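# Observations on the three-dimensional arrangement
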Amino acid sequence: MTTLVDPPSVTSTFRIGQLLSDTRYRSYTFQFIALIAIIAFLAFIGGNLARNLADAGLNISYAFLGQQAGYDISQRPIAYTSTDTHGRAAIVGLMNTLIVAFLGCVLATILGVIAGVLRLSKNWLVAKLMSFYVEIFRNVPVLIWILIIFFIFTAAMPAPRDFRGDDPAASMLFGAFAFTNRGVFFPWPIWGPGSWVVVLTFFASIAGMIGYRRYAKMKLFQEGVMLPTFWPSIAILFLPAILMQIVMGSPITLEYPELRGFNFQGGNVALGSLLGLWLALSIYTGAFIAENVRAGILAISKGQTEAAAALGLRPNRIMSLVVLPQALRVIIPPLISQYLNITKNSSLAIAVGYMDLTGTLGGITLLQTGRAIEAVLLLMLFYLIVSLSISLVMNIYNNSVKLKER
Amino acid sequence: MSTSHTEAFVQKAPIPPSEPPATERGFVKWLRENLFSSWFNSILTLLAIYCIYLVAVPAATWFGNGVWYAESIRDCRDILQGQLGGCFAVLVDRWDHLLFGFNYPPEDYWRPTLAAILLVAAALPIMFTNPGMMQRAFFYAAGGLAVFTLAAWGLDALFDEQPFNPLMGFVMAIVLGGVSIFVPRKFLLIYSGLYPFIAYFLLWGGSLWLPLTVLAVILATAGVFVLVSGKIDLEVRRIVAGVVGVIAAIGLGYLLWQGAWELIYIADSVGTDGVVNSITFVVCWLLSVFMFLFFLPMAGFVGYAIFNSAEDGGLVSVASALMFLIAATYGIAPAAEFLNSIIAIELTEIASRQMGGFMLNMILGTVCVALSIPLGIVLALGRQSNMPLIKGVCVIFIEFVRGVPLITLLFVANVMLAYFLPPGNTFDLILRVIIMITMFSAAYIAEVIRGGLAALPRGQYEAADSLGLNYTQSMQLIILPQALKISIPGIVNVAVGLFKDTTLVSVISMFDTVGMIRGPIQQTTDWLGIYWELFGFAALLFFVVCYGISQYSQWLERQLATDRR
Amino acid sequence: MTDTTITPPSVDMHVNASQMKISDEIAIQIHAMNKWYGNFHVLRDINLTVNRGERIVICGPSGSGKSTLIRCINALEEHQRGSITVDGTLLSSDLKNIDKIRSEVGMCFQHFNLFPHLTILENCTLAPIYVRKTPKKDAEETAMYFLEKVKIPEQADKYPGQLSGGQQQRVAIARSLCMRPRIMLFDEPTSALDPEMIKEVLDTMIQLAEEGMTMLCVTHEMGFARQVANRVIFMDAGQIVEQNAPEPFFTNPQNDRTKLFLSQILGH
């Protein structure tokens, strides 16, 4: 054995070549070069922009948002007239986007879960039918579906005048719903005096139901007595409100649409564009969600079911206590990205004339004011905010359900 | 029983397998198990049958009563006389427009058709790595093409005054069939690499010399790279490195100097009115000072790095190849023109805006997917990087693009992108749309590939490191081949989604399939008010392609699952 | 699957440590080396000198830092303080340095880490071709030589997934050997293997040791340690607790932690 020599010191004189070859400096060197390249790239882009704007005699300004819009929006959740500003029109559009996205998410989830579960059904015909639905909708562009379903709600529906006369060509569904080419008319509640009592009762019932379920669980945990939960919950939820409605003398009434002249009056109306967009987005996305649901259920290994069965759990409890909690872990992340897709695809509203944000800010406002850059940037910003908030929710959820592992 | 535990047992003869009991076999059992296993299932079955009845009967009537010969929708209505029936005459009348757009010269329809057939031949060797499987795929493609040509010929003779010439279809069917027997996969892959040039020539026309020159330049660039990286002596490489280093330093210095001035120009034109403008003004000035400070050291350093890489040949070969490419680019157009003046091989030039119909969807789909895969790989690697700046840029790009709808990006292509390009540029709409869609799908593909990269065990990176492979080598030889293989099904899914999304270009008034239907076809008085037939046809076209690809993707997934690993 | 041609190592085949040549030349010298993962002090003041031809077995409870130690030697992990000198090359953050050391130090992993998309032969020729710039034909010859040495030349054209675990590990050893390393590091090479495959890998390692390869081996195969090692190092909590020749180490451990560890792994 040689004697232990003291190893030479690591710090030696700095050479320029170390910027590239030394792992301590290398990444800084690359990043510095990248930084310079990015600045140069942005400089050229920005220079082009400045030059092009100067040539066109334009500037970047968001003042147009305060100018009078001058166009009408037929579906408006808040008060809006053509004398309002472009900014307010954009807000109306924004709300319309959120409305159709929200409705779409709800319906798509329902359809998707049903189709996904039925696709795994032991019933051959039903399973095949659901596969057919999924494949047909997944493999055709959503724009084509939107146009087809929009067409069903406009051109293929009878005009309001067809509902007139003794022997009308068309009639209302259950005497309450009128499907016309101007939209679907449906009953709408009228909040009479005292209706707040009924509403309040209903909210109290929700609290009561939660309380009952807690109590049932406590009873199970502490005394080992299992109380029925399903029917009692439903009874607690609805009966008090219905009773209150009767006791108070029906403060909440429904107003039915009626044919007056050439159009329906009363009730409420959903335009064909909204319905077409909503249904098309829901059915289309439902097909994707069905696949996610199916994959989620299939992902839970048979061993889990068998283990639960071996412990003596009954099938529905296996589902609710063992399979579903695990399947949801698999299903929810892609489900949320499907929600994201609905929100983004709702921008196709422009194809059917539903005035969402893309139709107002990115459509008429852009055309009228010629403020292309500003309008498109604002448009993107909005969608980005929505997407990022949804992603944030997803990440929080993912972290909360992450399996605790070593 | 209790004694049996202690008794020794040895089997004398094995028990042969036997048939299951009669109730467990046959069609009745199938019916009982699959359709009527419980009262609930029976109700479901009946409900399903009723639903099918509700849809299928009218649909069959509508199709059966369909009118195929008519001049206009009024003719159709006259013929149908109030009966339920489709007016398929519109498809017959506007068949060409649906496929090729209304501006494409009819005498050149064979060009996109041929390009489509050749696309199949180019795609199959990539899709099927197993030669036997590929051979069979080619065989089926040839058969399919022959049948299709025959059917189309027959139908065309029925409907059209000037039936098309089926010669090309049959010849190509024979070619595909021949290929399946005689040509090994290796050569077909070379052909696949050449396909983009062939397709460009067929679709856009002009001189054949243009794509050929581009190809030659690309090959020469690769040649320069190989030459400098390994084939030449160290002495020569030192000289090359010196020259290339100096040129790179001068060129880069000039570029950065320009960039710095550009920043001052922006600051000047923004001015100092208002808060936003003032901030932009100050930032631009600061950045330009930064650039003025560093443009010389930076250029010098890059030059030095190139010069210094003569030993291992890494950077200098990339730099010289790049430099050659830039220089050669200027020579492409004149060279092609010159060659064409000697031997003219050309097809009628067809402008991008003349293209439409399903062809446009196909072009956008294939071009954008092909371009976005390399970009997606770069983005995915960037996002995996441990350098915060590079990672940050990639994350911002990916999340931004994934966060906005494609339609807003198409708006960018339509009304905004031109502002960011140099004044007087000649990018036409289709090119701008291709740029934006490529960026869009690259972000999604990057996420798919990131998943593939993450799925690789860390040990693969470590093994590559411990063998002494550098970053480029370990990525190129070890990591990417595996990560891409895992990612293929995901990439195919993105491709299908993208292909469907190409219909969105109809919103910015391009005449793809949907644009054709909603514009030039439905707007004419002849066919005003026709919906089902046209959109049904469009849906069918997309369904055939997308369903086919997604089935392929699922097959691939199963293959990967059972593959050697 | 397993090669039956090799007779099981028995007492009479026992290779005495003194029979193998150990030169005076220093192969690895680790001096006052420290490493942290964040705030966690994984390796504490490691001092170790390995002479050429030495065969060292490192053992210790999981999480004691033994894998980290040998991974530091070929710079798979970075150490923060102290120095590592391999074959006279001081391991620094310079890439050229790292490359040089990696091409002289071979490494085998617990999970083999063969490249599943390449054949056995390609696995073995990859690094010689791309790192050493060996012509392909020569690289293949070398690869076949080493594949024969680990007794699986007939598998050369198969893919790793088609081989058993033991075969894969032997290929991994051959892959490292193809780079003609002067030092081999083994990171628990047998712990991912089924019992019947452990022997074939250990046999290969013994063979390697007999040829005088400098080896650092993290393993719990105490039989292997007794037979082959000329020094056994026991690590716990990131420190070298005890090191000694195998006989005294196993028969007469000094430190309480060593005693406890040995009683746990040899107790049944």
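Source: prediction; values computed, not measured.

## Some words on the overall build of chain B
Helix and strand counts for chain B come out as 20 helices and two strands. Taking 2.2 N^0.38 as the reference for a compact globule, 565 residues should give roughly 24 Å; the C-alpha atoms of chain B span a radius of gyration of 31 Å, well beyond that estimate. For chain B, the residues scored as buried account for 43% of the 565 residues in total. Of the contacts formed within chain B by residues at least 6 apart in sequence, a portion of 71% connects residues at least 24 apart. Counting 27 positive and 35 negative side-chain charges, chain B places the centres of these two groups 12 Å from one another.

## Brief notes about the overall build of chain A
Summing up its helical and strand segments, chain A has twelve helices and seven strands in all. Taking 22 Å as the expected radius of gyration for a compact globule of 406 residues, we find that chain A reaches 30 Å, considerably beyond that expectation. Expressed as lengths along the three principal axes of its C-alpha atoms, the size of chain A is roughly 110 × 75 × 45 Å. By the burial criterion, 44% of the 406 residues in chain A qualify as buried. Long-range pairs, those at least 24 residues apart, make up 65% of the contacts in chain A with a sequence separation of at least 6. For chain A, the exposed area adds up to about 21,400 Å²; of that, 67% sits on carbon and sulfur atoms.

## Considerations on the packing of helix 5 (residues 110–127) of chain B against helix 8 (residues 185–204) of chain B
Residues and elements named next belong to chain B. Look at helix 5 against helix 8: their axes get within 8 Å of each other, and the N-to-C directions meet at 155°. Taken together, the axis directions place helix 5 and helix 8 in an arrangement best described as roughly antiparallel. Crossing geometry of helix 5 relative to helix 8 is assigned as left-handed. Judged by residue contacts, Trp110, Arg111, Pro112, Leu114, Ala115, Leu118, Leu119, Ala121, Ala122, Pro125 and Ile126 of helix 5 engage Arg185, Leu188, Leu189, Tyr191, Ser192, Tyr195, Ile198, Phe201, Leu202, Leu203 and Trp204 from helix 8.

## Structural notes on the pairing of strand 1 (residues 26–37) of chain C
Regular strands have side chains that alternate between both faces of the sheet. All names here are of chain C. Where strand 1 meets strand 2 (residues 40–51), eight bridges bridge the pair, whose relative direction is antiparallel. The residue bridging Gln29 from the neighbouring strand is Thr49, located in strand 2. Where strand 1 meets strand 4 (residues 81–86), five bridges bridge the pair, whose relative direction is antiparallel. Bridging across to strand 4, Asn34 finds its partner in Arg81.

## Looking at the interface of chain B and chain A
Chain B puts 72 residues into the contact, and the matching count from chain A is 69 residues. Interface area, chain B with chain A, both sides summed: about 6,300 Å², of which 78% is carbon and sulfur. The interface formed by chain B and chain A includes one salt bridge. A salt bridge links B:Glu262 to A:Arg51; its shortest N-O distance comes to 3.1 Å. Put simply, chain B and chain A have 15 residue pairs in polar contact (both at pLDDT 80 or more) between them. Residues belonging to the side of chain B that touches chain A are distributed by class as follows: 53 nonpolar, 13 polar and six charged.

## Section: the state of the cysteines
All names here are of chain B. Under the counting rule described, the total for this entry stands at one disulfide over all chains. The disulfide partner of Cys76 is Cys87, and the S-S distance across this bridge is 1.8 Å. Between Cys76 and Cys87, the S-S dihedral sits near 65°, and the bridge is therefore right-handed. With Cys76 in helix 3 (residues 73–80) and Cys87 in the loop between helix 3 and helix 4 (89–100), this residue pair connects regions lying eleven residues apart in the sequence.

## So, the side chain of A:Ser273
Residues and elements named next belong to chain A. Among the secondary structure elements, Ser273 is positioned in helix 8 (residues 272–299). Looking at Ser273, the relative accessible area reads 10%, which means it is buried. With near-sequence residues (within four places) excluded, Ser273 lies in contact with Phe150, Val352, Gly353 and Tyr354.

## Notes on the sheet that holds strand 4 of chain C
Residues and elements named next belong to chain C. Across the sheet, which stays open at both edges, the four strands sit in the order 2-1-4-5 with antiparallel pairing between neighbours. For this open sheet the edge positions go to strand 2 and strand 5 (89–90), each flanked by a neighbour on one side alone. Of the strands in this sheet, strand 1, strand 2 and strand 4 touch helix 1 (residues 66–73), which is tilted by about 120° from strand 1.

## Side note on the pattern of salt bridges
Inspection of the entire model under this criterion finds 30 salt bridges over all chains. Residues A:Arg371 and A:Glu374 are paired through a salt bridge, measuring 3.0 Å at the closest nitrogen-oxygen approach. Each of the two residues, A:Arg371 as well as A:Glu374, counts as buried. Where salt bridges share partners, they join B:Arg458, B:Glu462, C:Lys35, C:Arg71 and C:Glu77 into one cluster.

## So, the nonpolar core
Grouped together as the largest cluster of nonpolar side chains are 225 residues, with contacts concentrated most on A:Ile144, B:Val433, B:Ile478, C:Ile30, C:Ile58 and C:Leu216. Beyond its immediate stretch of four places on either side in the chain, B:Val433 contacts B:Leu364, B:Leu410, B:Ala413, B:Val505, B:Ile508 and B:Met510. One finds C:Ala156, C:Leu202, C:Ala225 and C:Leu262 within the second-largest nonpolar core, a separate group that totals 47 residues.

## Concerning unusual backbone geometry
Residues and elements named next belong to chain C. The phi dihedral of Ala75 is positive, around 60°, even though this residue is not glycine. Mapped onto the elements, Ala75 comes out in the loop between helix 1 and strand 4. Despite not being glycine, Lys151 has its phi angle at roughly 70°, a positive value. Note on placement: Lys151 falls in the loop between helix 4 (136–149) and helix 5 (165–177).

## Points about the pairing of strand 8 (residues 214–218) of chain C
Residue and element names in this part refer to chain C. Within strand 8, five of the five residues are buried, leaving the element largely enclosed by the surrounding structure. The alternating pattern of strand 8 places Thr214, Leu216 and Val218 and Met215 and Cys217 on opposite faces, both of which are buried. Here strand 3 (residues 55–59) runs beside strand 8; their pairing, made up of four bridges, is parallel. Residue pairing across strands places Ile56 opposite Leu216, the latter belonging to strand 8. Where strand 7 (residues 183–187) meets strand 8, five bridges bridge the pair, whose relative direction is parallel. Each residue of the ladder has a partner; that of Met184, found in strand 8, is Met215. The β-α-β motif built from strand 7, the intervening helix 6 (residues 195–210) and the parallel element strand 8 has right-handed crossover chirality.

## Thoughts on helix 9 (residues 209–231) of chain B
Turning to helix 9 of chain B, its buried residues are B:Trp209, B:Pro211, B:Thr213, B:Leu215, B:Val217, B:Thr221, B:Val224 and B:Val228. Structurally, helix 9 of chain B contributes buried residues whose contacts are with helix 8, strand 1 (206–207), helix 10 (234–270) and helix 12 (314–342) of chain B.

## Things to note about the confidence of the model for chain A
On average, residues of chain A carry a pLDDT of 84, and 95% of them reach 70 or more. Contacts for the low-pLDDT stretch residues 1–10 of chain A, under 50 throughout, to residues beyond four places or in other chains number 15 contacts.

## Remarks on the sheet that holds strand 2 (residues 183–186) of chain A
All names here are of chain A. In space, the three strands of this open sheet follow the order 1-2-7, with antiparallel pairing throughout. At either margin of the open sheet sits one strand with a lone partner, and together these are strand 1 (178–180) and strand 7 (268–270). Looking at each pair of strands side by side, their axes are set apart by 20° on average, direction ignored.

Here is what the cut-offs are and how they apply
Residues numbered from 1 in each chain as written. Chains lettered and ligands numbered in written order. Predicted model: local features only at pLDDT ≥ 70, side-chain atom pairs only at ≥ 80, totals over all residues. Heavy atoms only, no water. Helix = DSSP H or I, 4+ residues; strand = E, 2+ residues; numbered from the N terminus. Rg over C-alpha atoms; globule rule 2.2 N^0.38 Å. Buried < 20%, exposed > 50% of the residue type's maximum accessible area, 1.4 Å probe, protein only. Contact = heavy atoms within 4.5 Å. Lys, Arg positive; Asp, Glu negative; His and termini not counted. Charge placed at Lys NZ, Arg CZ, Asp CG, Glu CD. Areas by Shrake-Rupley, 256 points an atom, 1.4 Å probe, with all protein chains shown as cover. Axes fitted to C-alpha atoms, helices over the stretch in contact; angles between N-to-C directions. Parallel < 35°, antiparallel > 145°, perpendicular 65-115°, else oblique. Left-handed = near helix turned anticlockwise from the far one by under 90°. Pairing = 2+ DSSP bridges. Buried area = accessible area lost by both parts, 1.4 Å probe. Salt bridge = Lys/Arg side-chain N within 4 Å of Asp/Glu carboxyl O. Polar contact = N/O pair within 3.5 Å; in protein donor to acceptor, adjacent residues only side chain to side chain. Nonpolar A, V, L, I, M, F, W, Y, C, P; charged D, E, K, R; others polar. Disulfide = S-S within 2.5 Å. Core = buried A, V, L, I, M, F, W, Y, C linked by side-chain atoms within 4.5 Å. Right-handed = clockwise from strand over helix to strand, strands pointing away. pLDDT = per-residue confidence, 0-100.

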